Amino acid sequence: MQEMLIDSIRVSLMNYQRVVILKERESDRYLPIRIGSPEADAIALKLQDVAAARPLTHDLLGAVISALGATIRHIVVCDLENDTFYARLVLTLADGSHKEIDCRPSDAIAVAVRGGQLVQGKDGEDHWFSSLQEADEFSKEQGGDGSDVRSKVPIYVEDRVLERAGVVVDGNVEESSEASQPRRRQRPAQQGVTEEEMEKLSAFSEFLEDLPGLEDLGKPGETQ
C-alpha cells in the first residue's frame with residue numbers, strides 16, 4: 001500500500017471526461033482515475049481554496065463524521081475490477097475501534113481533502129493548514145516547492161492496483177501538437193501482464209491515449 005498525493009484534476013478536451021491524477025509520493029508513478037463532474041468540482045474547489053456559500057455534500061459528510069465523535073483515519077483505493085476502481089473510507093470511532101466503509105474513490109478523495117493539509121517543516125514536525133494556499137506558501141518558505149504538501153487524511157492505493165494501472169512517466173517527454181500538455185509515454189509499472197488483464201483494462205488504455213488532450217482543472221496552489 002503506497003501513499004499518494006493529488007497531482008491534479010484534469011478534463012479531456014476530446015470528451016470532457018474528468019480525471020483525478022494521483023502521484024505516488026516516493027516515485028514518478030501516477031494513477032489516473034475517471035470521476036464524475038460533481039466530484040471533480042468538489043475536489044477542485046478545495047484544491048483551489050474556493051469557499052462554497054453553503055456546505056456541499058462532502059462537507060456535510062465530514063461534519064457528520066466529526067459530530068458522531070469519529071475521525072477519518074485514511075482512505076485507500078483498494079481494488080480494480082472491469083475498469084472500475086473501488087475504495088474504502090477507514091474511520092476511527094469514538095471507542096477507538098476502526099470501521100471500513102465501501103465507497104467510490106472520487107467521494108473518498110473529496111472527503112479526504114477537506115481534512116486540511118500537512119507540510120513537514122525544517123524542524124521535522126508536520127504543520128497543519130486549513131488552507132491549501134497557506135500550506136503551499138509555508139512549504140516555499142521552508143525551501144520546498146510545494147510538492148511536499150499532502151492531505152492530512154492520507155490517501156493510499158493498494159500495490160496490486162498500482163501494478164495493474166499505474167503509469168510511470170519517462171524523463172523524456174515529447175510536445176504534443178494537440179495541446180500544450182507534454183505527451184506522456186506509458187510503460188507498464190510491472191511486467192507480466194496477461195492478455196486477459198489487458199482486455200479488461202481496454203477502456204483505461206483508451207483513456208491513456210487521451211492524456212495529451214487533458215487540461216488542468218485544478219492544481220494545488222493554482223487558481224483558474
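Cut-offs and rules
Residues numbered from 1 in each chain as written. Predicted model: local features only at pLDDT ≥ 70, side-chain atom pairs only at ≥ 80, totals over all residues. Heavy atoms only, no water. Helix = DSSP H or I, 4+ residues; strand = E, 2+ residues; numbered from the N terminus. Buried < 20%, exposed > 50% of the residue type's maximum accessible area, 1.4 Å probe, protein only. Areas by Shrake-Rupley, 256 points an atom, 1.4 Å probe, with all protein chains shown as cover. Patch = residues over 30% accessible without salt bridge, like charges linked within 9 Å, V, L, I, M, F, W, Y side chains within 5 Å. Salt bridge = Lys/Arg side-chain N within 4 Å of Asp/Glu carboxyl O. Lys, Arg positive; Asp, Glu negative; His and termini not counted. Charge placed at Lys NZ, Arg CZ, Asp CG, Glu CD. Pairing = 2+ DSSP bridges. Contact = heavy atoms within 4.5 Å. Axes fitted to C-alpha atoms, helices over the stretch in contact; angles between N-to-C directions.

**Focus on the overall build of the protein**
And then number 1: Counting its regular elements, the protein contains 7 helices and 15 strands.
And then number 2: A burial count over the protein gives 44% of its 224 residues as buried.
And then number 3: For the protein, the exposed surface amounts to about 12,100 Å²; the carbon and sulfur share of it is 46%.

**Concerning a negative patch on the surface**
And then number 1: Taken together, the side chains of Asp49, Glu134, Glu137 and Glu141 make up a negatively charged region of the molecular surface.
And then number 2: Along the chain, glutamate 134 falls in helix H4 (residues 132–141).

**Observations concerning the pattern of salt bridges**
And then number 1: Using the criterion set out here, one finds 8 salt bridges in the structure.
And then number 2: With a shortest N-O distance of 2.7 Å, glutamate 24 and arginine 29 are connected by a salt bridge.
And then number 3: Since its relative accessible area comes to 6%, glutamate 24 is described here as buried.
And then number 4: Its relative accessible area of 15% is what places arginine 29 among the buried residues.
And then number 5: One salt-bridge network, in which partners are shared between bridges, spans Glu39, Arg104 and Asp107.

**Side note on a nonpolar patch on the surface**
And then number 1: On the surface, Leu60, Val64 and Leu68 cluster together into a nonpolar patch covering about 300 Å² of accessible area.
And then number 2: Within the secondary structure, leucine 60 sits in helix H2 (residues 57–67).
And then number 3: Its relative accessible area of 52% is what places leucine 60 among the exposed residues.

**Regarding unusual backbone geometry**
And then number 1: One non-glycine residue, asparagine 82, adopts positive backbone phi at about 50 degrees.
And then number 2: The residue asparagine 82 is located in the loop between strand E4 (71–81) and strand E5 (84–92) in this model.
And then number 3: Note on asparagine 82: relative accessible area 59%, which makes it exposed.
And then number 4: Despite not being glycine, aspartate 83 shows a phi value in the positive range, around 70 degrees.
And then number 5: Within the secondary structure, aspartate 83 sits in the loop between E4 and E5.
And then number 6: Looking at aspartate 83, the relative accessible area reads 31%, which means it is partly exposed.

**Some details on the pairing of E5**
In regular strands, side chains alternate between the two faces of the sheet.
And then number 1: Taken together, the 9 bridges between E4 and E5 define a ladder with antiparallel strand orientation. Residue pairing for E5: isoleucine 75 is matched across the bridge by leucine 89.
And then number 2: The loop that links E4 with its antiparallel partner E5 comprises 2 residues; one of these, asparagine 82, has a positive phi angle of about 50 degrees.
And then number 3: For E5 and strand E6 (residues 98–103), the ladder comprises 6 bridges, and the chain directions are antiparallel. In the strand pairing of E6, arginine 88 is matched with aspartate 102.
And then number 4: Between E5 and E6, which follow one another and run antiparallel, lie 5 residues, and glycine 96 among them has a positive phi close to 90 degrees.

**What to know about the sheet that holds strand E8 (residues 126–129)**
And then number 1: Strand order in the open sheet formed by 3 strands is E8-E7-E9, and the pairing between neighbours is antiparallel. Only two strands of the sheet have a single partner each, and these edge strands are E8 and strand E9 (150–151).
And then number 2: Where strand E7 (residues 117–120) lies against E8, 4 bridges are found, and the strand directions are antiparallel. Pairing of glutamine 120 across the sheet is with aspartate 126, part of E8.
And then number 3: Taken strand by strand, H4 contacts E7 and E8, and its axis lies near 5 degrees from that of E7.

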